[in-house]
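Read off the chains here:
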Amino acid sequence: MSGTGSGSADGRWLAGIAASPGIAIGRAHVIDRRRVKTPRRRIEDFEIPDELERFEAALALSDEQLERVKRKLREREGEDHFQIIEAHQLILHDEHLVEPTRRRIREERANAEWALRRTVEEIKSVFDAIEEDYFRERRSDIDFVGDRILRNLLGEQVDAIGTPAAGAVVIAHDLSPADTAHLHRASCAAFVTDAGGKTSHSAILARAFEIPAVVGVERATEKIANGAMVIVDGMRGQVLIAPTQEELEDYRGRSRRHSAFVGELLGNRDLPAETTDGARVHIFANVEIAEEIPSAMDHGAEGIGLYRTEFLFLERADLPREEEHFMHARGVLRRVTPFPVTFRTFDLGGDKVVAFAGAGKEANPALGLRSIRLCLKERGLFKTQLRGLLRASAHGRARIMFPMISGVTELREAKGVVEEAKDELRKEGLPFDESIPVGIMVEMPSAAMTADLLARECDFLSIGTNDLIQYSLAIDRGNEHVDYLYHPLHPAILRTVRYVVDAGHAAGVRVGMCGEMAGEPMFALVLCGLGLDELSMNSTSIPVVKSVIRASGLAEARKLAQDALALATVEEVERCVHEAMAQRFSEDLLRAAGEVSGSKTTG
Ligand code: PEP
Ligand code: MG
C-alpha cells in the first residue's frame, strides 16, 4: 500500500494512511537506515565452511538480540506485547530461510550476505504476489529479520534506531514490531513511515499502544528534516511540516478536544450497549493478533467477535502445528474469559497456496481457491486447526466461525470435519466443549440468499460486510479506482442485511456483523433498527458506538431502518441516516466520532 497522495502544493502537508488515531505535535526524529549493499562474491571451496559458520553466528546473534528485546519488553509491559518478537525468532530459524541460504553458500559458492539477500527476495516475491494487503504486508517481517541477520554478518550496529527524546515524532522508512515496541518505551509521541499499511504489524501495535501513526507517506524520510516541527494527525492520515502559530493552536485545540472526547467515552466503556427502551446489543472486538487483546478489553469489548486466525500463518513460511493452535487459542481464551471468543478458521487468500502447496497463480484470487474452499481441499491443515481450537475450547467460551461459506453443502462439509475432529479427540480422551457454537460468516450473496437454510444448520450468523459489499456491488475492495462505489448504505446492502437478520431470527439464531460497517458510529442507529444482535469492530470504535446506542431508542432505530429501506438511491439513504443522526447527536460528537473510528463519512 502506498501513500494516498503527495499532499499540498507548498509541500508542507503530506498525506498517508491513517494507521492509529490521535494527534501529536513534536520535533521530527528521522531514522536513516539505508539499505545495506550486498554484492556477490564468489568464494573458493576452502572458504565454504567459514562462510557457513559466519551465517550460523549471525543467526545466533540475531536470536540473542531479539531475546533481549523480548526481555526488556516483558519487564516493562508484562506478557502482552512480545509475541510478535517471538514470530520474528520463528522466521529466523525457519527452514525456508535458513536452508536455501546454506545451499547457495555451498552449491553456488556465494558469500553469505548475497545468499541470504537472494533467499529473502525469493520469499518476499511469494508474498508480493498476494493480492490482499494484510498478506502482502507480512513481507516486511521477512525484511526486518533478513536485515537484522545481514547487519550482523556485516558487523553493523543492528538496533541502531537509537533512542529519540521523549515526545519526538519518529520518521522512518519502515518500523519493525521490535522498533515500535522500543519507541513506545522511549515515549515517542507518534510515528510516520514511508512504507506500510493499516494492517502492517507496526500499525497494529501502534493502535494497541495508542501511539498516533500515519503510514504509507510517500518519501516522508526525504521530505521531513531532522528536528523539524511536525504535526501528525493519525485520524485524517496527514502530516504537517513546519506549522504556523495559527495551525499549531488549531491542532492543540483539536488534540485537547479529541483527548477529552475519548476520555469521556471511555468513562462509559463498561456500561452495556443498551437502548433507552431496554434493547441490548452485544459489542465485540475484531482482533488480528493476541497483542491487541488488552486494548480491546480496555475499550469495553464484551468479547472477541472476530479473531482472524490466519495471522498465525502470515508470520512464517511453514504450517502451524496442532499444539501451536491449541496453545495460542487457549492463551487468547484465558485473557478474554469470562467473555467469548469467536475464532474464524483460516481465511487465506488464493495466492497463499503458492507459499505452502505450490499451486499456480490465480487470475482472480478473490474468486479463487481461498478461505473455506482451501480448507476443505487441504483437510489436513483444516483439521489440525480445528483440533487445536476444540482442545482450547475446554479453557473458555470459544466459538468457531467459517468464512466465505457459499451454501449449505459447504457448511455441511465444514461441520463434517469438525465432527471428525471431535470424534478423534473423544477417542483420545482429550477434553473440549461438546456444545461449542459453530457459525458462519455471511459474506457472499449466495449465502445471504440462503441465510434461512444456513441458519437452520448452524448456531449463529455474522455478516462480513467487507466482502459482502465487494461481491454484491462487484467492487474489488483493494482497488482505489472503484473505491468511490463502496457504499455500505447502498439499498442492496441494507436489504441484504435485513433479509439475513430476519432469516436468522426466524431460525432462532443470533445474527451479528463483523465487517468495518459495524464499527462506523454513523451507522450504529440504523444497524440496531435492522435488528443486529451483535456488532464486532476495531477496539477504538467500541466506546463511541456504545454511546450512540445508549442514547437511542429501539423504536426510533426501527423507524429509521424502515424509512431507509424504502428509499431508492444510496444518496437518499445516506441523507436520511445522516439527518436522523444529526437530529439526535451534536455536530461535535458526530465529527469526533468519525475521527475516532477513522470514518470516511463523517471526517
Ligand atoms: C469481512 O469480509 O467483512 C470480514 C470481516 O472479513 P475480512 O475483512 O477478514 O475479509
Ligand atoms: Mg471477509
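Our structure is the block above this text.
Residues numbered from 1 in each chain as written. Chains lettered and ligands numbered in written order. Predicted model: local features only at pLDDT ≥ 70, side-chain atom pairs only at ≥ 80, totals over all residues. Heavy atoms only, no water.

**Observations regarding the overall build of the chain**
- Along its length, the chain carries 26 helices and 17 strands.
- A total of 603 residues make up the chain; the buried ones form 57% of that total.
- A sequence separation of at least 24 residues applies to 69% of the contacts in the chain between residues at least 6 apart.
- For the chain, the computed accessible surface area is about 24,100 Å², with 50% contributed by carbon and sulfur atoms. (Helix = DSSP H or I, 4+ residues; strand = E, 2+ residues; numbered from the N terminus. Buried < 20%, exposed > 50% of the residue type's maximum accessible area, 1.4 Å probe, protein only. Contact = heavy atoms within 4.5 Å. Areas by Shrake-Rupley, 256 points an atom, 1.4 Å probe, with all protein chains shown as cover.)

**Looking at the site of ligand 1**
- Taken together, 14 residues form the shell around ligand 1, and within it Arg 308, Arg 344, Gly 464, Asn 466 and Arg 477 come nearest.
- Arg 344 is positioned such that a nitrogen or oxygen atom in its side chain is 2.9 Å from an oxygen atom of ligand 1.
- At 2.9 Å from an oxygen atom of ligand 1 is found a side-chain nitrogen or oxygen belonging to Glu 443.
- Contact with the protein chains hides 98% of the accessible area of ligand 1, taken as 290 Å² for the molecule alone. (Near = heavy atom within 4 Å. Polar contact = N/O pair within 3.5 Å; in protein donor to acceptor, adjacent residues only side chain to side chain.)

**With respect to the coordination of the magnesium ion (ligand 2)**
- In this structure, Glu 443 (OE) and Asp 467 (OD) serve as the protein donors to the magnesium ion (ligand 2), at separations of 2.0 to 2.2 Å. Of this pair, Glu 443 sits in the loop between strand S14 (438-442) and helix H18 (445-449) while Asp 467 sits in helix H20 (residues 465-473), placing them 24 residues apart in sequence. We note that Glu 443, like Asp 467, is buried. (Donors = N, O, S within 2.8 Å, 3.2 Å for Na, K, Ca; no water.)

**Quick word on the environment of Ala 110**
- Its location among the elements puts Ala 110 in the loop between helix H3 (95-107) and helix H4 (112-128).
- As for Ala 110 and Arg 41, which are separated by 69 residues in sequence, their C-alpha atoms are 6.0 Å apart.
- Those residues in contact with Ala 110, other than ones at most four positions away along the chain, are Arg 40, Arg 41, Ile 43, Glu 51, Arg 104, Ile 105 and Ala 115.

**Examining the packing of aromatic side chains**
- Within the structure shown, the criterion is met by three aromatic pairs.
- Between Arg 391 and the ring centre of Phe 326, over which it is positioned, the NZ or CZ distance is 4.1 Å. (Phe/Tyr/Trp six-rings, centres within 6.5 Å; stacked < 30°, edge-to-face > 60°. Lys NZ or Arg CZ within 6 Å of the ring centre and 35° of its normal.)

**What to know about the side chain of Arg 12**
- Looking at the element boundaries, Arg 12 is found in the segment before strand S1 (13-15).
- Polar side-chain contacts of Arg 12 include one of 3.0 Å to the backbone oxygen of Ala 242.

**Structural notes on the sheet that holds strand S7 (residues 229-233)**
- If you trace the eight strands from one edge of the open sheet to the other, you get S1-S8-S7-S3-S4-S5-S6-S2, paired in mixed fashion. Each edge of the open sheet carries a strand with a single partner, namely S1 and strand S2 (17-20). Sheet twist, expressed as the average angle between the axes of neighbouring strands with direction ignored, equals 30°. (Pairing = 2+ DSSP bridges. Axes fitted to C-alpha atoms, helices over the stretch in contact; angles between N-to-C directions.)

**Observations concerning unusual backbone geometry**
- Cis geometry marks the peptide bond from Thr 337 to Pro 338; its omega dihedral reads 10°.
- For Pro 338, the position within the fold is in the loop between helix H13 (322-336) and strand S12 (340-344).
- Positive phi values are uncommon outside glycine, yet Ser 371 reaches one of about 55°.
- Along the chain, the position of Ser 371 falls in helix H15 (residues 371-377).

**Let's talk about the side chain of Lys 383**
- When you line up the elements, Lys 383 lands in helix H16 (residues 379-392).
- Residues contacting Lys 383, with those up to four places away along its chain left out, are Val 417, Glu 420, Ala 421 and Glu 424.

**A short note on the pairing of strand S15 (residues 460-463)**
- Residues Phe 460 and Ser 462 point to one face of S15 and Leu 461 and Ile 463 to the other, with burial holding for every one of them.
- Relative to S15, S14 runs parallel, the two being bridged by three bridges. Across the sheet, residue Met 441 finds its bridge partner in S15, namely Ser 462.
- Here S15 runs beside strand S16 (residues 510-513); their pairing, made up of four bridges, is parallel. Within S16, the residue paired with Leu 461 across the bridge is Val 511.

Don't take any of this as a statement about function, it's just geometry.
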